[in-house]
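# Observations on the model geometry
Spelled out from the first residue to the last, the chains are:
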Amino acid sequence: IFSKHNYTFFVIGCNGQDGSLIVEKLISQGFEVIGLGRSSSSFSKCESSHFTYISGDANDKNIINMILKKYSPKRIIHAAAIHGSSGFDYESNWKELINLNLGVVSTLMEYARDVSDSHVTYLSSSKTLDFNHGIVNELTARKSNCPYSIVKNASTDIINYYREKWQISGSVLWLFNHESSRRSVNYFLPKLAMTIANSYISKDYRTDFTSFDFFADWSCAEFISKAIVNTANRGLNEDFVFASGQTWYAADLAIKAFQNLD
């Protein structure tokens with residue numbers, strides 16, 4: 001039975017791993033959802049009359065404003081990102097990085113100034129946090145040491161500015177690594193899973209990894225998406241770190257994964 005809520009969600013970047021999972025969880029909870037993605041059709045596995053998919057570029061301010069004006073969403077989740085696996089060339093994407101983050105966030109916060117009871121949720125990354133002290137929480141200092149973290153931190157600053165000056169409700173969610181079968185095989189865990197599967201079929205299978213010499217915290221993307229939806233729905237005007245709390249050394253994880261299949 002569909003349970004009608006009194007406000008609509010707008011998910012920007014609804015065709016990504018996080019965006020598509022978020023849409024599905026919102027629909028399952030009975031929300032009306034507007035999704036914006038670049039592809040001609042939605043990647044979500046949930047077909048529903050309560051989901052409206054709009055094909056367009058989030059960098060286009062006119063499209064964003066059209067959706068905001070037409071549907072008047074009270075909950076907005078900015079899940080769009082230019083994000084690649086290790087070695088991704090961010091420097092060649094400066095303009096798009098700035099527009100997709102600073103441009104979109106400022107547009108959303110201006111909208112929230114005019115629409116009462118609205119809330120903006122922005123998905124940031126653990127790459128923006130400084131781990132020097134070993135303990136990470138919402139008060140951890142931020143660092144800007146690459147184009148990706150620079151624009152993410154600048155977007156966080158914009159949200160903080162609107163919260164302090166205009167009392168606009170918004171949340172920044174710092175997400176640690178989280179994976180699902182929807183993640184590109186170029187990422188570490190999906191590639192590791194593919195490698196194990198192929199090695200199980202053929203002992204002669206070989207492939208290359210960029211590095212096994214790094215530490216990471218990995219979670220299940222479906223659990224993270226559920227937490228994002230719950231947080232956005234409540235409209236809490238504060239920030240959160242989402243992680244498993246367990247740190248893995250990549251080489252140890254790979255060895256253990258192979259050992260589990262002898």
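Check the entry above for the structure.
Before going into details, it helps to say that this report is about the structure given with it. Everything numeric here is computed off the predicted structure, so don't read it as measured data. (Residues numbered from 1 in each chain as written. Predicted model: local features only at pLDDT ≥ 70, side-chain atom pairs only at ≥ 80, totals over all residues. Heavy atoms only, no water.)

### Description of the packing of helix α2 (residues 61–71) against helix α3 (residues 94–114)
- The geometry of α2 relative to α3 is characterised by a closest axis approach of 11 Å and an angle of 25° between their N-to-C directions. Between α2 and α3, the interaxial angle falls into the category roughly parallel. Our pair here, α2 against α3, has a crossing hand that is right-handed. Of the residues in α3, those in contact with K61, I64, N65 and L68 of α2 are T107, L108 and Y111.
- Split by residue class, the contact of α2 with α3 holds four nonpolar, two polar and one charged. (Axes fitted to C-alpha atoms, helices over the stretch in contact; angles between N-to-C directions. Helix = DSSP H or I, 4+ residues; strand = E, 2+ residues; numbered from the N terminus. Parallel < 35°, antiparallel > 145°, perpendicular 65-115°, else oblique. Left-handed = near helix turned anticlockwise from the far one by under 90°. Contact = heavy atoms within 4.5 Å. Nonpolar A, V, L, I, M, F, W, Y, C, P; charged D, E, K, R; others polar.)

### A word on the nonpolar core
- One finds F10, I12, L36, I76 and L108 to be the most contacted residues of the largest nonpolar core, which totals 36 residues.
- Those elements that provide at least two residues to this core are β1 (8–12), β2 (32–37), α2, α3, β5 (119–125), α4 (147–166) and β6 (170–175).
- Residue contributions to this core peak at eight residues, all from α3.
- Filtering out sequence-adjacent residues up to four positions away, I12 remains in contact with L36, A58, I64, I76, I77, H78, A79, A80, V104 and L108.
- Ranked by size, the runner-up nonpolar core spans 23 residues in total, among them V11, C14, I22 and F242. (Core = buried A, V, L, I, M, F, W, Y, C linked by side-chain atoms within 4.5 Å. Buried < 20%, exposed > 50% of the residue type's maximum accessible area, 1.4 Å probe, protein only.)

### Section: the packing of helix α1 (residues 17–28) against helix α6 (residues 221–234)
- At a closest axis distance of 9 Å, the pairing of α1 and α6 adopts a crossing angle of 60°. Put simply, α1 runs oblique to α6. Both α1 and α6 take part in a crossing whose hand is right-handed. For the pair α1 and α6, the contacting residues are Q17, D18, L21, I22, K25 and L26 in the first and A221, E222, S225, K226, I228 and V229 in the second.
- Residues that form the contact of α1 with α6 fall into these classes: six nonpolar, two polar and four charged.

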